[in-house]
Amino acid sequence: MAATPIMNTYNRLSVAFDHGAGAWLYDTDGNKYLDALSGIAVCGLGHSHPAVTHAISEQASRLIHTSNLYTIPLQERLAERLCAISGMDSVFFGNSGAEANEAAIKLARRYGHQKGIDNPAIIVMENAFHGRTLATLSATGNRAVQVGFEPLVSGFVRAPYDDVDAIRTIAANNPNVVAILVEPVQGEAGIRIPADNYLNQLRSICDEHEWLLMLDEVQTGNGRTGEYFAYQHNAILPDVVTTAKGLGNGVPIGACLAAGKAATILSPGTHGSTYGGNPLACAAALAVVDTIQDENLCQRAEQLGKRICDGFRAQLGDSNYIREIRNKGLMIGIELTEAGSELAVLAKVKGILLNVTGGGRVVRLLPPLIMSDSEADLMVNTLSKLIQIYAADEREI
């Protein structure tokens with residue numbers, strides 16, 4: 001590999017993109033690819049969406065940044081929109097999902113100290129992914145990404161995902177717990193979907209013990225699961241919810257939303273961000289939120305996810321290589337019986353962008369919410385044939 005000034009922190013595929021349109025990306029050689037990953041659940045409106053393009057261009061010509069030392073009207077408008085959609089009361093803006101989760105962790109710790117708990121603890125889940133900053137890395141339930149960064153941040157108690165009895169056992173034995181931090185669907189772990197009433201039961205436990213229920217919706221939010229936020233499938237209200245990724249459609253922005261007693265825990269000087277919620281990012285995010293709402297893209301995500309999974313089940317349902325095909329809206333996982341890490345490279349050759357996660361056994365698909373039926377069918381047909389060939393150990397494709 002040729003020397004490069006970029007730190008060697010990514011195993012990149014050998015392709016560089018020049019431009020995109022809708023669900024398609026075009027590389028520097030003019031080849032086109034159907035983007036079934038959306039920049040890892042970021043570009044929910046696809047590429048070069050006119051509403052986002054216009055908002056960015058218009059705002060860039062007026063004002064990009066001032067800092068949070070001053071009032072930012074677009075930030076207030078975005079906060080109002082997100083609170084109206086979510087049922088939350090206040091918002092802190094950062095630049096990423098990791099920063100949003102950092103804010104949630106700090107908020108929970110301050111809540112604990114206000115209750116007189118000197119060493120507040122947060123329950124987190126096995127196989128969770130919350131970010132790569134030191135605190136969010138410590139909260140993450142993947143030992144492979146923690147190795148070499150010890151000592152980790154203390155104050156996290158780990159429980160199996162989708163196991164309410166384990167949470168009750170912790171509650172009976174750890175008086176320092178002040179919150180639960182959980183993903184409504186575990187994305188990086190391989191699109192792991194809990195029982196339908198899992199979040200409802202966690203809400204009840206938190207109410208019983210006066211804990212904060214904090215939902216990491218960095219990947220599940222912004223329409224991806226069929227509701228604007230995934231918890232809205234359960235008709236509950238968390239105390240804290242974090243989001244990022246699809247909020248800016250590629251413009252970096254993250255948000256930590258809080259309700260009720262959690263909404264007033266942070267005060268001036270307790271947290272901050274230089275770039276968080278600047279005019280450019282908020283203009284882009286407002287365009288995204290309005291488009292998702294105006295074009296009923298939450299409903300579209302649910303319908304399209306069903307179409308895609310029905311297609312995969314029809315073509316792959318009898319394969320011994322497939323353990324399960326599951327989805328929540330447009331979070332789609334095809335779990336394999338054996339590792340299939342090479343499928344991301346092979347799919348790229350066939351013009352489909354995806355990734356393989358969950359220990360190399362889950363093909364993860366996160367298509368844009370604006371993908372057409374014909375594009376979805378092309379994706380299903382192409383990948384089904386590819387997986388069938390791969391499962392038969394035929395590499396001449």
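What counts and how
Residues numbered from 1 in each chain as written. Predicted model: local features only at pLDDT ≥ 70, side-chain atom pairs only at ≥ 80, totals over all residues. Heavy atoms only, no water. Helix = DSSP H or I, 4+ residues; strand = E, 2+ residues; numbered from the N terminus. Rg over C-alpha atoms; globule rule 2.2 N^0.38 Å. Buried < 20%, exposed > 50% of the residue type's maximum accessible area, 1.4 Å probe, protein only. Contact = heavy atoms within 4.5 Å. Areas by Shrake-Rupley, 256 points an atom, 1.4 Å probe, with all protein chains shown as cover. Lys, Arg positive; Asp, Glu negative; His and termini not counted. Charge placed at Lys NZ, Arg CZ, Asp CG, Glu CD. Expected span 1.5 Å × (residues − 1). Core = buried A, V, L, I, M, F, W, Y, C linked by side-chain atoms within 4.5 Å. Phe/Tyr/Trp six-rings, centres within 6.5 Å; stacked < 30°, edge-to-face > 60°. Lys NZ or Arg CZ within 6 Å of the ring centre and 35° of its normal. Salt bridge = Lys/Arg side-chain N within 4 Å of Asp/Glu carboxyl O. Pairing = 2+ DSSP bridges.

> So what exactly am I meant to see when it comes to the overall build of the chain here?
Within the chain, the secondary structure is distributed over 12 helices and 15 strands. Here the C-alpha atoms of the chain give a radius of gyration of 21 Å, agreeing with the 21 Å that 2.2 N^0.38 yields for 397 residues. The dimensions of the chain, computed from C-alpha atoms along their principal axes, are 65 × 55 × 45 Å. Within the chain, the fraction of its 397 residues that count as buried is 54%. Once local pairs closer than 6 in sequence are excluded, the contacts in the chain between residues at least 24 apart make up 70%. Taken as a whole, the chain presents about 17700 Å² of accessible surface, with 49% of it coming from carbon and sulfur. Between the centroid of the 31 positive side chains of the chain and the centroid of its 42 negative side chains there is a distance of 2 Å.

> Quick question: what am I supposed to make of helix α9 (residues 279–294) here?
Every α-helix carries 3.6 residues per turn, so stepping three or four residues along brings you back to the same face. Between the first and last C-alpha of α9 there are 22 Å, a value that for 16 residues agrees with the 22 Å anticipated at 1.5 Å per step. With respect to burial, α9 is a largely interior element, 13 of its 16 residues being buried. Looking one or two residues past α9, N296 carries a phi angle of roughly 55 degrees, positive in sign.

> Teacher, can you tell me more about the nonpolar core here?
Nonpolar side chains tend to gather and get buried jointly when the protein is soluble and globular. Residues I123, M125, I180, V182 and L365 are the most contacted members of the largest nonpolar core, which totals 91 residues. In terms of residue count, α9 provides more of this core than any other element does, 10 residues in total.

> Honestly, the packing of aromatic side chains in this entry has me stumped. Any pointers?
Each aromatic ring pair is described using two quantities: the centre-to-centre distance and the angle formed by the ring planes. This model, assessed by the stated rule, comprises five aromatic pairs. The interplanar angle of 85 degrees and the centroid separation of 5.6 Å between the aromatic rings of F17 and Y33 together place this pair among those described as edge-to-face. Here F17 is found in strand β1 (residues 17–21), whereas its partner Y33 is found in strand β3 (residues 32–35), with 16 residues between them in sequence. The exposure class assigned to F17 is partly exposed, which follows from its relative accessible area of 35%. Look at Y33 and you get buried, because its relative accessible area is 8%. Taken together, Y228, F229 and Y231 form an aromatic cluster joined through their ring pairs. For the cation-ring pair, K32 lies above W24, with the distance from its terminal atom to the ring centre recorded as 4.4 Å.

> What's the story with the pattern of salt bridges in this structure? I'm lost.
Pairing of side chains with opposite charge becomes possible as their charged atoms draw close. The final tally for this structure, using the stated rule, is 16 salt bridges. Here D377 and R307 are joined by a salt bridge, their closest N and O atoms 2.8 Å apart. Of this pair, D377 sits in helix α12 (residues 373–391) while R307 is found in helix α10 (residues 297–316), placing the two residues 70 residues apart along the sequence. Residue classification places D377 among the partly exposed positions, given a relative accessible area of 29%. Looking at R307, the relative accessible area reads 37%, which means it is partly exposed.

> Looking at this structure, how should I read the pairing of strand β15 (residues 362–365)?
Within a regular strand, the side chains alternate between the two sheet faces. Side chains of β15 alternate between two faces, with V362 and R364 and V363 and L365 buried alike. Here strand β12 (residues 331–336) pairs with β15 via four bridges, running antiparallel. Residue I332 lies in a different strand from β15, and its bridge partner there is L365. Pairing geometry for strand β14 (residues 355–357) and β15, over three bridges, is antiparallel. When the bridges of β15 are listed, T357 appears paired with V362. Between β14 and β15, which pair antiparallel and follow one another directly, the connecting turn spans four residues, one of which, G358, has a positive phi of 60 degrees.

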